[in-house]
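Coordinate inspection notes
Next come the chains, spelled out residue by residue.
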Amino acid sequence: MNAPLLWEIVTGVCLQVTLVVVAAAIVERWLNQSESGCRVWTASFIAVIALVANAILLPHFRITTIPVNRVTDRIELILQWQMWGMYAGGAIWLIGVLLVLVRRGCGVVHLLRFLKRDCETVSLDQLELSGIPADFIPPRLHLLVSEKLTGPFCRQFHQPTIVLPKYVVEGDKEVLRHVMLHELSHLKTNHPLQFFLQQICTAVLWFHPAIWWAGYRAEVVREFLCDEVAAKSAGKIVDYLRTLIQIAQRSVERPSCESPSCVLSFGRRKSVIVRRSERLVQLAKSPTVFSRPRQSLGYVGVVLMTLLAAHLWLPVNVLASSRSHWSPWPHWTASTLHDFGVNVRDFEPFDERHEFSESSHDDD
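Attention in this report is confined to the structure presented alongside it.

Describing the overall build of the chain
- Across its full length, the chain carries 14 helices and five strands.
- The buried share of the chain, taken over its 364 residues, is 47%.
- Here the analysis covers contacts within the chain between residues at least 6 apart in sequence; of these, 78% occur between residues at least 24 apart.

Re the state of the cysteines
- One pass over the full model with this rule turns up zero disulfides.
- Unpaired in terms of disulfides, Cys-154 finds its nearest cysteine sulfur in Cys-226, a separation of 7.5 Å.
- We classify Cys-154 as buried; its relative accessible area is 0%.

So, the nonpolar core
- Ranked by size, the top nonpolar core spans 31 residues in total, and within it Leu-127, Leu-143, Ile-162, Leu-164, Met-180, Leu-184 and Leu-280 carry the most contacts.
- Of all the elements in the fold, those that place two or more residues in this core are β2 (142-146), β4 (160-165), α6 (166-170), α7 (173-188), α9 (209-234), α10 (237-253) and α11 (270-285).
- Looking at which element gives the most residues to this core, the answer is α7, with seven residues.
- Once residues lying within four places of it in the same chain are set aside, the contact partners of Leu-280 are Asp-227, Ala-231, Ile-237, Tyr-240, Leu-241 and Leu-244.
- Grouped together as the second largest cluster of nonpolar side chains are 27 residues, Ala-24, Val-52, Ala-210 and Leu-225 included.

Focus on the packing of helix α1 (residues 3-31) against helix α2 (residues 34-57)
- Contact pair α1 / α2: the axes reach a minimum separation of 10 Å and the direction vectors enclose 170°. Comparing the axis directions of α1 and α2 gives the class roughly antiparallel. Residue-level contacts link Ile-9, Val-13, Gln-16, Val-17, Val-20, Val-21, Ala-24, Ala-25, Val-27, Glu-28 and Leu-31 of α1 to Ser-36, Gly-37, Val-40, Trp-41, Ser-44, Ala-47, Val-48, Leu-51, Val-52 and Ala-55 of α2.
- Residues of the contact of α1 with α2, tallied by class, amount to 16 nonpolar, four polar and one charged.

A word on the packing of aromatic side chains
- Inspection of every chain in the model, using the stated rule, returns four aromatic pairs.
- Seen from their ring centres, Phe-61 and Trp-326 are 5.4 Å apart, and the 70° between their planes marks the pair as edge-to-face. Of the two residues, Phe-61 is situated in the loop between α2 and α3 (68-71) and Trp-326 in the loop between α12 (292-309) and α13 (331-339); the sequence distance between them amounts to 265 residues.
- Taking the relative accessible area as the measure of exposure, Trp-326 reaches 43% and is therefore partly exposed.
- Aromatic pair Phe-114 and Phe-153: ring centres 6.5 Å apart, planes at 40°, arrangement tilted. Here Phe-153 lies in strand β3 (residues 153-156) and Phe-114 lies in helix α4 (residues 75-117), a separation of 39 residues in the sequence.
- In this structure Phe-114 comes out as buried when scored by relative accessible area, which is 8%.
- The class for Phe-153 is buried, based on a relative accessible area of 0%.

Considerations on unusual backbone geometry
- Positive phi outside glycine occurs at Arg-140, with the angle close to 60°.
- Positionally, Arg-140 belongs in the loop between α5 (124-127) and β2.
- Look at Asn-190: it is not a glycine, yet its phi comes out positive at around 60°.
- In this structure, Asn-190 sits in the loop between α7 and α8 (191-204).

Focus: the pairing of β2
- Judged by how many residues are buried, β2 sits mostly within the fold: four of five residues are covered.
- Where strand β1 (residues 120-122) and β2 come together, three bridges link them in antiparallel fashion. Residue pairing in the sheet places Val-122 in a bridge with Leu-143 of β2.

Side note on the pairing of β4
- Of all the six residues making up β4, six are buried; the element is thus mostly covered by neighbouring parts of the structure.
- A two-sided burial pattern is seen for β4, the buried positions comprising Pro-160, Ile-162 and Leu-164 on one face and Thr-161, Val-163 and Pro-165 on the other.
- Sheet topology places β2 next to β4; five bridges connect them, and they run parallel. By the bridge assignment for β4, Leu-144 is matched with Val-163.
- Examined bridge by bridge, β3 and β4 share four bridges and lie antiparallel to one another. Residue pairing in the sheet places Cys-154 in a bridge with Ile-162 of β4.
- The loop that links β3 with its antiparallel partner β4 comprises three residues.

Rules and cut-offs
- Residues numbered from 1 in each chain as written.
- Predicted model: local features only at pLDDT ≥ 70, side-chain atom pairs only at ≥ 80, totals over all residues.
- Heavy atoms only, no water.
- Helix = DSSP H or I, 4+ residues; strand = E, 2+ residues; numbered from the N terminus.
- Buried < 20%, exposed > 50% of the residue type's maximum accessible area, 1.4 Å probe, protein only.
- Contact = heavy atoms within 4.5 Å.
- Disulfide = S-S within 2.5 Å.
- Core = buried A, V, L, I, M, F, W, Y, C linked by side-chain atoms within 4.5 Å.
- Axes fitted to C-alpha atoms, helices over the stretch in contact; angles between N-to-C directions.
- Parallel < 35°, antiparallel > 145°, perpendicular 65-115°, else oblique.
- Nonpolar A, V, L, I, M, F, W, Y, C, P; charged D, E, K, R; others polar.
- Phe/Tyr/Trp six-rings, centres within 6.5 Å; stacked < 30°, edge-to-face > 60°.
- Pairing = 2+ DSSP bridges.

Right under this line is the structure:
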């Protein structure tokens, strides 16, 4: 893959991801329903992964290319800058990915050490909970308690796990029931899977502001949904709001004991807690109305935007041929297809740009 084609892929993916995130944000705001919003953000993370895979594995359709007369006299300078940009940008991107992976790896190690050293196993019978629906409790649920934790969290890798602070377990049973309903809602609605998809996107596209904003928005909507489920199941939204404020206050008093960043925490960010409180107050005044047709239209909108965005590529490749609207197949997929006897075009057709470039080298 040459430098101009790589520039075309990188700029195109950045544009496509931005459009998908904007579409998801508009749809989520239009639906104004937390359950649908969670599904929209899950679909958007899958769409982002699909767009990246499409860009690096398949050829793409070019709607337009740079006119030859605009780049002929500057083609060597542009190629030189794009080559240096490819090396520098590739190095920066790789360093960023490694830093993100190292940070998350350290977080996983810290989490496993915390679960092993600072947590005690408990059972549902020991908690003496009542009022929690049986279908909320997943099979093989692992419950842990820790004195060094200010806020509860959950995770699901090979086994669904909920970790509770000791003050919650030993305190008011109503607060404990609220917290358990919230964490069980995360597990029931497959939020750990959405969080995993979100982490993949932020690791690969760590430099893209839209991805980080999408992650923040997905976190907010996840908490909205679990708050609504827990508050409605508990009976009174006001009582649940007191629980949220109590745990938020504990987190402010002992910020050094926050839950690890690689799990779904009850309340890690103050801004999210404020928005959750406002949402609960709004829900108490006027419950949201769920509309199935509206939800379907929202999903269709995200899918259509993804399909449209997959065909939008910025004309930054000075070597793009004007004789073909399709880019060449990437080398790795073309080589694989050639091994299976399928011949595909993995080169640019000869045209004026290539002729100028070769004649310039001959003159030198």
